[in-house]
Amino acid sequence: MRIFSTYSAKIKNYNHIFKKTVSVYREAVDFMIQVCLQKWEDIRKEDYLCSPVIYVERLCHRTKRNPEVPYESFDRKFYKLPSYLRRSAINEAIGKVSSYKSNLKNWEEEDPNTRGRRPSFPRAGYICPCMYRKNMYQRTGAYEARIKVYIRNTWDWLDIKLRKSDMNYIDRRCSGRRKCAPVLQKRGKEWHLDFPFEEFLELCDVDVADRIICAVDLGINSAATISVMCSDGTILGRHFLKLPKEQDCLTHSINRIKKAQQHGNRKMPRLWAKVNGINHEISVKTAEFIMDVATLYNADAIVFEYLEKKGKKRGSRKQRLHLWKSQEVQRIVTDKAHRLGMHIARICAWNTSRLAYDGSGRVLRGKQAEFSSYSVCQFQNGKVYNCDLSASYNIGARYFIREILKSLPEKERLLMEAKVPPCSKRSTCTWSTLISLNAELMSFVS
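Residues numbered from 1 in each chain as written. Predicted model: local features only at pLDDT ≥ 70, side-chain atom pairs only at ≥ 80, totals over all residues. Heavy atoms only, no water.

*Asks:* Just checking my understanding: could you explain the overall build of the protein for this structure?
*Replies:* Along its length, the protein carries 13 helices and 15 strands. If you line up the protein on its principal axes, its C-alpha atoms span 85 × 60 × 55 Å. For the protein, with 446 residues in total, the buried portion stands at 44%. Across the protein, every contact between residues at least 6 apart in sequence was considered, and the portion connecting residues at least 24 apart equals 65%. For the protein, the accessible surface area stands at approximately 25600 Å², while carbon and sulfur atoms represent 49% of it. Positive and negative charge centroids in the protein, built from 80 and 48 side chains respectively, lie 8 Å apart. (Helix = DSSP H or I, 4+ residues; strand = E, 2+ residues; numbered from the N terminus. Buried < 20%, exposed > 50% of the residue type's maximum accessible area, 1.4 Å probe, protein only. Contact = heavy atoms within 4.5 Å. Areas by Shrake-Rupley, 256 points an atom, 1.4 Å probe, with all protein chains shown as cover. Lys, Arg positive; Asp, Glu negative; His and termini not counted. Charge placed at Lys NZ, Arg CZ, Asp CG, Glu CD.)

*Asks:* For this particular structure, what's the right way to read a nonpolar patch on the surface?
*Replies:* The grouping of Leu-415, Phe-444 and Val-445 at the surface amounts to a nonpolar patch, some 290 Å² of accessible area in total. By secondary structure assignment, the location of Leu-415 is in helix H12 (residues 410-419). (Patch = residues over 30% accessible without salt bridge, like charges linked within 9 Å, V, L, I, M, F, W, Y side chains within 5 Å. Salt bridge = Lys/Arg side-chain N within 4 Å of Asp/Glu carboxyl O.)

*Asks:* What should I look at first to understand the environment of Met-342 in this one?
*Replies:* Looking at the secondary structure, you find Met-342 in the loop between helix H10 (326-339) and strand E12 (343-348). Expressed as a C-alpha distance, the spacing of Met-342 and Cys-204, which sit 138 residues apart in the sequence, is 6.3 Å. Excluding its chain neighbours within four sequence positions, the residues that come into contact with Met-342 are Leu-203, Met-291, Ala-294, Thr-295, Ala-299, Asp-300, Ile-302 and Ala-337.

*Asks:* Help me out: how do you make sense of the sheet that holds strand E13 (residues 364-365) in this one?
*Replies:* Two strands in a sheet stick together by hydrogen bonds in their backbones, pointing the same way (parallel) or opposite ways (antiparallel). An order of E13-E14-E15 is seen for the three strands of this open sheet, with the pairing classed as antiparallel. Looking at which strands have only one partner, the edges of the open sheet turn out to be E13 and strand E15 (384-386). Pairing of E13 with strand E14 (residues 376-378) involves two bridges; the strand directions are antiparallel. Residue pairing for E14: Arg-365 is matched across the bridge by Cys-377. Set on the sheet, helix H11 (residues 387-407) makes contact with E13, E14 and E15; between it and E15 the angle comes to about 70°. (Pairing = 2+ DSSP bridges. Axes fitted to C-alpha atoms, helices over the stretch in contact; angles between N-to-C directions.)

*Asks:* Would you mind going over the packing of H12 against helix H13 (residues 431-445) with me for this structure?
*Replies:* Any two packed helices are characterised by the angle at which their axes cross and by the distance between the axes. Taken N-terminus to C-terminus, the directions of H12 and H13 make an angle of 125°; their axes are 10 Å apart at the nearest point. The pairing of H12 with H13 is recorded here as oblique in orientation. In the crossing of H12 with H13, the sense of the turn from one axis to the other is right-handed. Within the contact between the two elements, H12 uses Glu-412, Leu-415, Met-416 and Lys-419 and H13 uses Leu-437, Glu-440, Leu-441 and Phe-444. Looking at side-chain class alone, the contact of H12 with H13 contains five nonpolar, no polar and three charged residues. (Parallel < 35°, antiparallel > 145°, perpendicular 65-115°, else oblique. Left-handed = near helix turned anticlockwise from the far one by under 90°. Nonpolar A, V, L, I, M, F, W, Y, C, P; charged D, E, K, R; others polar.)

*Asks:* How do you make sense of the pattern of salt bridges when you look at a structure like this?
*Replies:* Should their charged atoms come close, side chains of opposite charge can pair. As enumerated under the stated definition, the model contains 23 salt bridges in all. As a salt-bridge pair, Asp-358 and Lys-383 come within 4.0 Å of each other at their nearest N and O atoms. Residue Asp-358 is found in the loop between E12 and E13, and its partner Lys-383 is found in the loop between E14 and E15; the two are separated by 25 residues along the sequence.

*Asks:* What is the right way to read the packing of helix H1 (residues 19-38) against helix H3 (residues 52-60) from this model?
*Replies:* Contact pair H1 / H3: the axes reach a minimum separation of 11 Å and the direction vectors enclose 105°. Judged on the interaxial angle alone, H3 and H1 are roughly perpendicular. For the pair formed by H1 and H3, the contact residues are Phe-31, Met-32, Val-35 and Cys-36 on the first element and Val-56, Leu-59 and Cys-60 on the second. A class-by-class count of the residues in the contact of H1 with H3 yields seven nonpolar, no polar and no charged.

*Asks:* Explain the packing of aromatic side chains here, please?
*Replies:* We describe a pair of aromatic rings using the distance from one ring centre to the other and the angle between the two ring planes. Applying the stated criterion to the full structure yields 19 aromatic pairs. On the basis of an interplanar angle of 50° and a centroid distance of 6.3 Å, the ring pair of Tyr-385 and Tyr-393 is categorised as tilted. One exposure class covers both Tyr-385 and Tyr-393, and it is buried. Counting every residue linked through ring pairs, the aromatic cluster contains Tyr-357, Phe-379, Tyr-385, Tyr-393 and Trp-431. Arg-115 extends its terminal NZ or CZ atom over the ring of Trp-107, reaching a point 3.8 Å from the ring centre. (Phe/Tyr/Trp six-rings, centres within 6.5 Å; stacked < 30°, edge-to-face > 60°. Lys NZ or Arg CZ within 6 Å of the ring centre and 35° of its normal.)

*Asks:* What should I look at first to understand unusual backbone geometry in this one?
*Replies:* Negative phi is the rule for most residues except glycine; trans is the rule for most peptide bonds. A positive phi is found at Asn-13, a non-glycine position, where the angle reads about 75°. Looking at the element boundaries, Asn-13 is found in the loop between strand E1 (2-12) and H1.

*Asks:* How do you make sense of the side chain of Ser-427 when you look at a structure like this?
*Replies:* Relative to the elements of secondary structure, Ser-427 occurs in the loop between H12 and H13. Sequence-distant contacts of Ser-427, defined by excluding residues within four places in its chain, comprise Cys-348, Trp-350, Asn-351, Leu-355 and Arg-398.

*Asks:* What am I meant to see in the side chain of Thr-433 here?
*Replies:* Along the chain, Thr-433 falls in helix H13. In contact with Thr-433, other than residues within four places in its own chain, are Ile-401, Val-420, Pro-422, Cys-423 and Thr-428.

*Asks:* Quick question: what am I supposed to make of the environment of Lys-189 here?
*Replies:* Within the secondary structure, Lys-189 is located in the loop between strand E6 (183-187) and strand E7 (190-200). Its relative accessible area of 69% is what places Lys-189 among the exposed residues. Sequence separation between Lys-189 and His-16 is 173 residues; the distance between their C-alpha atoms is 8.9 Å.

Structure (C-alpha cells):
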C-alpha cells in the first residue's frame, strides 16, 4: 500500500512577502472555477481528444498554436503566471466544480420538504500553491532553496533559508522515501514549506485462523482497554491505560474556562490552547500505549469501534464528548501500524458495552446496579465485571466473526448463520457468539 506523510520546514527571515503569491493563486483558481461552471457540459464530454486540463487551458491561455481564446482576460490579469501553477489552478477548479455538480444533483433528487439548503457555489477557499520542482522550487544548499513567488509585480526567484533542525530531521528520517513537490503553507504568523513523501509498504497476509489481534475499547475516563485475542476466542492478554494526572489537568482547565464564562468572558484563546494541548498529549500517550501492546504480542491487526460522533451532544457530559479525541488516536495508530505492516479494522460499535461478553444479555451500570461508578457492570446472572474489558472482548469477537463468515462459501455461511442466529446480525454478536461459531465449525469439519 502507499503511505503519504508530510513534514514541514520553517522559512526563516520572511513573513509578509508570500501573501501576494497565495492571493494571486487563489484568484486564478476562482477565475478557472467560473470558466468551468460555464463550460462544464463541454468539459465532461468524453469525445474530445485532450484531457480536461488541456481543454480548459486552451480556453484561457494564448499561445502561438492557439492565438484566439474565448477568455483572453486571463493572460492580462495573471501575466507571466508559471505554467505549472496555471495547470494546478485548473485542476483545483475542475475538482471543486465536479464536487459542486454532484452535490447539486443529489440535492435536487431529495425530497423538497426534508432536504437542506442548496449547495453553495464553489470558491477557492484557503488553498495554497504547490512549489513544483525545477519550475518553482530548487534546493541550492543544505539549508537554502529558491522558490518562484510573486514579488515586485512579477514572478521571480527568491532565495530562502530553511530551519536547520527541520531539514536535518527530513534528511535523516525520510531518505528512503520518494520526495514530492512542497506546498507553501502559513501557520499562525510563520510560513512553511510542507514536503510530502510517498512510500510503498506491504501489510502482513496471515490466515484468519492464525491471526492475533488487539481489540481496543477507547473511553473517556479510562483512556484505553486492550484485549489481545486469537481467532478461537482465546485471550492472550489484558491491558489497561488510565491517565489520572492528565485527566485531572484537563478537568481543572475546563473548570477554569467555565468560571471565566460565568464572569462574561467569551474568547479565551490561552485557556482553550491549554485544553487542546492536554487533549493532544492524552491522544499521543494513548496511541503509544496501543502500539506498544500490539508490538509486544506481534499482532496482525488492531481493531477499533467505528465511532460516529455527528449530531448534537446531550447530557451532563456533552463537553467531555466534544473534547474526546478518539478520532485522533485512531489516526495516529493507523499511521504507526501501517509502517509496521499491521492492519487496521473497525467494527460496529452498537451494544459492545451494553451486552455482556458471556451472552447473558444486557448489563446494568451505574444507578441501575446501585454502583457509584460506570467502570464496572453487573450481568444478568449476577456477575460483576469491568465494563470496558467486556466491551473489548465483544469488539475482538465481532472482528473474527466477520472475517470467518467472509471466508466461507455462501452455503456454509448461511448454514452457520442458521445454527448460530446472533451471527446474522452484527450488532448482537458477543464473545460467546464467537465461541459458539467455532464449535459449529469444528463439528462441521469433523
